[in-house]
Amino acid sequence: WCLRMSLTPIRGCLLDLPWEDILLPHILCHLPLQQLLSLQRVSKSFQSLIQLYLANMRCFDSSQIRPAIPRDAFVNLLKENKVLQQLALQNCSDWLTDCELLPVIEQNHHLHQIQLKGCAQLSRHALVSISLSCPNLRQLSLAHCDWVDSLSLRSLADHCKALEAVDLTACRQLKDEAICYLVQKCSRLKSLSLAVNANVGDVAVEETAKCCPELEHLDLTGCLRVKNDSIRVLAEYCPKLRSLKVKHCHNVAESSLSVLRSRGVELDVEPPLQRALVLLQDVVGFAPFINLQI
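Residues numbered from 1 in each chain as written. Predicted model: local features only at pLDDT ≥ 70, side-chain atom pairs only at ≥ 80, totals over all residues. Heavy atoms only, no water.

As annotated in an unreviewed UniProt entry, the protein carries the name F-box/LRR-repeat protein 15 and is attributed to Campylorhamphus procurvoides. In its Sequence similarities (unreviewed entry) section, the UniProt record describing the protein reads: "Belongs to the FBXL15 family." The record in UniProt for the protein states the following under Pathway (unreviewed entry): "Protein modification; protein ubiquitination." (UniProt positions renumbered as here; feature names shortened; annotations may be inferred.)

Here it is as structure tokens:
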């Protein structure tokens, strides 16, 4: 009997592996969130395992759940989690309000990356809560969040001075004064988007250049009040600039961009000659035959 037992292979179960030492950090972390949620229906043991995983999850991206995550599911998934570091909720705009977001923010003080692009039903209280609860915040996207105002942005600037990337695309309430306050307090910024904001002009761009010497990426797409003078200041004060977007900035000309172009800065507008040739090719179709050496 003893010999027969020694020759019989031992069949184990996945759940027999140590949960916190093996399953959570080395196996479950490689599975898509959608599949993990499906595992909850296998058995009560799997349900307990997944709940433990969710409570210890460092990164939550709602786009991993198809179709879009329902409100109640979002609340249940994160209600026990206090260790989140990254939170991306860009496809929750249909239902996400302060009621659902604030409890998550207020119990997760280690967040360093938050993505709220297009979450239009939030209010300024969401940004104030982020500023008070997330002192280690590095990256924040508030693109197309019309509710962002100067007071809530000041709160962010006062409490999250380690910010390195901020996306304020189409935050139309913001004016030069608010942007100036942000960059004065958050001088470590490497990436900033002020795109599609008619209230942003030279004052904000020049202050950004002078206060943020580490700036690498700046998006001014559609900022109609930005002119050549501020672009020249940008070239003077930001030696690490790698990319600049000025498409649809009708008051920015090649005379100010040429310095940046000569330094190898990536620009989203073509040089005048190349732009003219492309236009000519589109119109009459013979630009490729032009001898560019003439």
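Undergrad: Could you clarify how one ought to interpret the packing of aromatic side chains in this entry?
TA: Two numbers describe a pair of aromatic rings. These are the distance of the centres and the angle of the planes. Considering all chains together, one arrives at two aromatic pairs under this definition. Both rings, one in Phe74 and one in Trp95, keep their centres 5.5 Å apart while their planes meet at 55°; by these two values the pair is tilted. On the criterion of sequence distance, the pair formed by Phe74 in helix H5 (residues 71-78) and Trp95 in the loop between strand E2 (86-88) and helix H6 (98-106) is long-range, its members being 21 residues apart. For the pair Phe74 and Trp95, a shared accessibility class is recorded, and that class is buried. Among the aromatic residues, those joined into a cluster by ring pairs are Phe60, Phe74 and Trp95. In this arrangement the basic side chain of Arg154 is found over the ring face of Tyr181, its NZ or CZ atom lying 3.7 Å from the centre. (Phe/Tyr/Trp six-rings, centres within 6.5 Å; stacked < 30°, edge-to-face > 60°. Helix = DSSP H or I, 4+ residues; strand = E, 2+ residues; numbered from the N terminus. Buried < 20%, exposed > 50% of the residue type's maximum accessible area, 1.4 Å probe, protein only. Lys NZ or Arg CZ within 6 Å of the ring centre and 35° of its normal.)

Undergrad: Is there a simple way to explain helix H11 (residues 228-237) in this structure?
TA: Every α-helix carries 3.6 residues per turn, so stepping three or four residues along brings you back to the same face. When H11 is considered as a whole, its buried residues turn out to be Asn228, Ser230, Ile231, Val233, Leu234 and Ala235. Contacts made by the buried residues of H11 are with helix H10 (202-211), strand E7 (217-219), strand E8 (243-245) and helix H12 (254-262). (Contact = heavy atoms within 4.5 Å.)

Undergrad: Help me out: how do you make sense of the sheet that holds strand E1 (residues 59-61) in this one?
TA: Adjacent strands of a sheet form backbone hydrogen bonds with each other and so pair up, either parallel or antiparallel. Pairing in this open sheet of nine strands is parallel, and the strands run E1-E2-E3-E4-E5-E6-E7-E8-E9 from one edge to the other. Each edge of the open sheet carries a strand with a single partner, namely E1 and strand E9 (266-267). Pairing of strand E6 (residues 191-193) with E7 involves three bridges; the strand directions are parallel. Residue pairing in the sheet places Leu192 in a bridge with Leu218 of E7. (Pairing = 2+ DSSP bridges.)

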